[in-house]
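Below are the chains, spelled out letter by letter.
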Amino acid sequence: MKQNTNIMRYLFTLFLLSLSFVHFGQNFNVTYGGSFNEVGYCIRQTTDGGYLFLARDQEFDGFDFYYETMLVKTDRLGQEEWRKVYDDSLISQYSSGLSPTLDGGYIFINDYDIIKIDSLGNEEWTLDNDSLFRSVKQTTDSGYIYFGYKRQKHLNITTNRYVVLRKTDEQGIEEWYKTYNLDFGHYWVNGVKQTADGGYIMLGCTAMHNNGMTDVFLFKLDSQGDSSWVRTYGGGSNEWASG
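Residues numbered from 1 in each chain as written. Predicted model: local features only at pLDDT ≥ 70, side-chain atom pairs only at ≥ 80, totals over all residues. Heavy atoms only, no water.

## Structural notes on the overall build of the protein
When its secondary structure is counted, the protein shows 1 helix and 18 strands. In the protein, buried positions account for 44% of the 243 residues. When contacts within the protein are restricted to residue pairs at least 6 apart in sequence, those whose partners lie at least 24 apart make up 37%. Working note: accessible area of the protein is about 13100 Å², and carbon and sulfur atoms make up 50% of it. (Helix = DSSP H or I, 4+ residues; strand = E, 2+ residues; numbered from the N terminus. Buried < 20%, exposed > 50% of the residue type's maximum accessible area, 1.4 Å probe, protein only. Contact = heavy atoms within 4.5 Å. Areas by Shrake-Rupley, 256 points an atom, 1.4 Å probe, with all protein chains shown as cover.)

Okay, structure coming up:
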């Protein structure tokens, strides 16, 4: 019965991943997908005028559904040049942050892993995490900065959620790892950027008011991830920021 329920849950929706672009005044629409669900997460244009996109591809092995993370490279008209598959799992979690790197490759988030690839999609290294990361950026020293969340549990009940910031060198070797429990009650982070002084700035929103209204906050960190200051911005209505 559980197997049938899973099948019905996934089969009621058929979603094909499609891309539509304008290139030198020429429209094109290309569809990528199989018999089940494909979901595109992010796309980048490559230096040769083509495109590189990250997606989840749903497959069925005869007993249950599973997901593969796929990276697809196309030419400038959307024709597929190559495809790479990196893992499979029964539950689709999160893939994002496809960012170009200084060596011509890319880095992206795949569930709890950070995967670094070369320009042809070949995996160079993988960083396993105990936290669900949301963003990865290359830093001025050719290393990487990652932010995400880690949940603290007691008796299998989530009691708190921490913001996590992790810094590695260009080979993915950890340099420091920080967790932050901001005194805002409910809050979330929307972006982290490196600053001109070598530190970092974290942008987010917090629901500090009893009426549920949100404020924007900035959290400044030094080059080692230690707190410099925190400021909130807002009035009597909802304020929201992303970046």
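## Re the pairing of strand E10 (residues 123-128)
Bridge count for strand E9 (residues 113-117) against E10 is 5 bridges, and the pairing is antiparallel. Note that in E10 the partner of isoleucine 115 across the bridge is threonine 126. Hairpin connection of E9 to E10: 5 residues between the antiparallel strands, including glycine 121 at a positive phi of 85°. (Pairing = 2+ DSSP bridges.)

## Looking at the confidence of the model for the protein
Counting all residues, the mean pLDDT for the protein is 77, and 72% of those residues have values of 70 or more. Put simply, helix H1 (residues 2-11) is where the protein has its lowest mean pLDDT, 44, and strand E14 (residues 174-180) is where it has its highest, 93. Note on residues 1-17: pLDDT is under 50 here. Beyond four places in sequence and across chains, it has 35 contacts. (pLDDT = per-residue confidence, 0-100.)

## Observations concerning the environment of valine 163
Inspection of the secondary structure puts valine 163 in strand E13 (residues 157-168). Separated by 24 residues in the primary sequence, valine 163 and tyrosine 187 have C-alpha atoms spaced 9.6 Å apart.

## Details of the pairing of strand E16 (residues 200-207)
Across the 8 residues of E16, 7 count as buried, placing the element largely inside the fold. Bridging between strand E15 (residues 186-194) and E16 involves 8 bridges; their strand directions are antiparallel. Directly across from tyrosine 187, in E16, lies its bridge partner threonine 206. Connecting E15 to the next strand, E16, in antiparallel fashion are 5 residues, including glycine 198 with a positive phi near 90°. Looking at chain direction, E16 and strand E17 (residues 215-221) are connected through 7 bridges and run antiparallel. Each bridged residue has a counterpart across the sheet, and for threonine 206 the counterpart in E17 is aspartate 215.

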